[in-house]
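For reference, the chains in residue letters:
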Amino acid sequence: MAVVMYDLVGKDDRRFSPNCWRSRMALAHKGIAAEARPTRFGEIKAIGDGVCRTIPVIEDGGRRIVDSWAIAEHLEATYPDGPSLFGGPGGRALTRFVLHWTTQTLHPGVAPLIIHDIYEHLQPEDRDYFRESREKMFKRPLAEVQAGREERVDGFRKSLGPLRATVKEQPFLGGEHPLYADYIAFGAFQWVRVVSPFPLLEADDPVRSWVDRCLDLHGGIARTTPAYD
Ligand SMILES: N[C@@H](CCC(=O)N[C@@H](CS)C(=O)NCC(=O)O)C(=O)O
């Protein structure tokens, strides 16, 4: 039975979730055939027994796994013959740093630059929920949060310094080959390219070359969704 992955979807079948892309890349890395089932925000509560509040969620051999980190650990433990996602216990431990950096710095840096673009790329049924829930978080209208991004993007680009320095010295965060740490960070850039025409990175930024390398991985799976570049 193929693995099913519940994958956040917007209009025109855009698969835009940074967290879901981590899991899709992880499944592809392990060589696992998975059905990425399109799921709107409003459909998450209908998954399985109704306790899921976020996606990605996968169903694998009768088990349901919620949360992208739990999914990566499940795949690593269940499919030890596929290429490793962590490169051993030390790699797994270091990947936690990338996870927390992405959650606490990268995503909060990206979100205010594209939040209204995300809204505009949702299916109509999801729009009110998204606007209300995100305006509660930002305490301002989404268009206002995103306004002035041209002036703010330089600060965001500077914040990528450690990522930039690393992928200038080596092709992937994992070294010569990608590991799950690459997919965690890559998800943020995939999020932007799927919903926003805004030029987040400069053309000659080494981060951009690394994103391109990630886009080429696993038969170009991340290029299969509509996007702006
Ligand atoms: N810690 C979770 C976070 C997942 C998450 O926040 N997913 C978002 C989509 S990117 C979601 O499902 N949000 C549901 C909502 O906002 O209602 C993970 O890594 O899987």
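With 16 residues, helix α8 (residues 180-195) should cover 22 Å at 1.5 Å per step; its first-to-last C-alpha distance of 23 Å lies within 8% of that length. Roughly 30 degrees is the biggest bend found in α8, and it falls at F186. Burial analysis of α8 places 16 of its 16 residues in the buried class, the great majority of the element.

Another point: the packing of α8 against helix α9 (residues 206-216). The geometry of α8 relative to α9 is characterised by a closest axis approach of 10 Å and an angle of 100 degrees between their N-to-C directions. Between α8 and α9, the angle is such that the two are roughly perpendicular. On the side of α8, the interface is formed by D182, A185, F186, F189, Q190 and R193, while α9 contributes V207, W210, V211, C214 and L215. Considering only residue class, the contact of α8 with α9 consists of 8 nonpolar, 1 polar and 2 charged.

With that out of the way, let us pick up the pairing of strand β1 (residues 3-8). With respect to burial, β1 is a largely interior element, 6 of its 6 residues being buried. Side chains V3, M5 and D7 of β1 all project onto a buried face; the interleaved residues V4, Y6 and L8 project onto the opposite face, where all are buried too. As paired strands, β1 and strand β2 (residues 34-39) are joined by 6 bridges and run parallel to one another. Opposite L8, over in β2, you have T39 as the bridge partner. The pairing of β1 with strand β3 (residues 57-60) spans 3 bridges and is classified as antiparallel.

This part covers the site of the ligand. Within the structure, the ligand sits among 15 residues, and I55, D67, S68, Y129 and R134 are positioned closest to it. Between the ligand and the protein, one listed contact pairs a nitrogen atom with a backbone N or O atom of I55 at 2.8 Å. In the model, a nitrogen atom of the ligand is placed 2.8 Å from a nitrogen or oxygen of the D67 side chain. For the ligand, the accessible surface in isolation is 510 Å², of which the surrounding protein chains cover 75%. Here the ligand occupies the largest pocket. Of all the secondary-structure elements, those providing two or more residues to the shell around the ligand are α1 (18-29) and α4 (124-138). Considering each element in turn, the shell around the ligand owes the most residues, 3 residues, to α1.

Cut-offs used in this document
Residues numbered from 1 in each chain as written. Predicted model: local features only at pLDDT ≥ 70, side-chain atom pairs only at ≥ 80, totals over all residues. Heavy atoms only, no water. Helix = DSSP H or I, 4+ residues; strand = E, 2+ residues; numbered from the N terminus. Expected span 1.5 Å × (residues − 1). Bend = angle between axes of the 7 residues up to and from the residue. Buried < 20%, exposed > 50% of the residue type's maximum accessible area, 1.4 Å probe, protein only. Axes fitted to C-alpha atoms, helices over the stretch in contact; angles between N-to-C directions. Parallel < 35°, antiparallel > 145°, perpendicular 65-115°, else oblique. Contact = heavy atoms within 4.5 Å. Nonpolar A, V, L, I, M, F, W, Y, C, P; charged D, E, K, R; others polar. Pairing = 2+ DSSP bridges. Near = heavy atom within 4 Å. Polar contact = N/O pair within 3.5 Å; in protein donor to acceptor, adjacent residues only side chain to side chain. Areas by Shrake-Rupley, 256 points an atom, 1.4 Å probe, with all protein chains shown as cover. 1 Å grid on protein atoms, 1.4 Å probe; cavity = no way out; pocket = protein on both sides within 12 Å on 5 of 7 lines; lining within 4 Å. Sits in = over half its atoms within 2 Å of the grid points.

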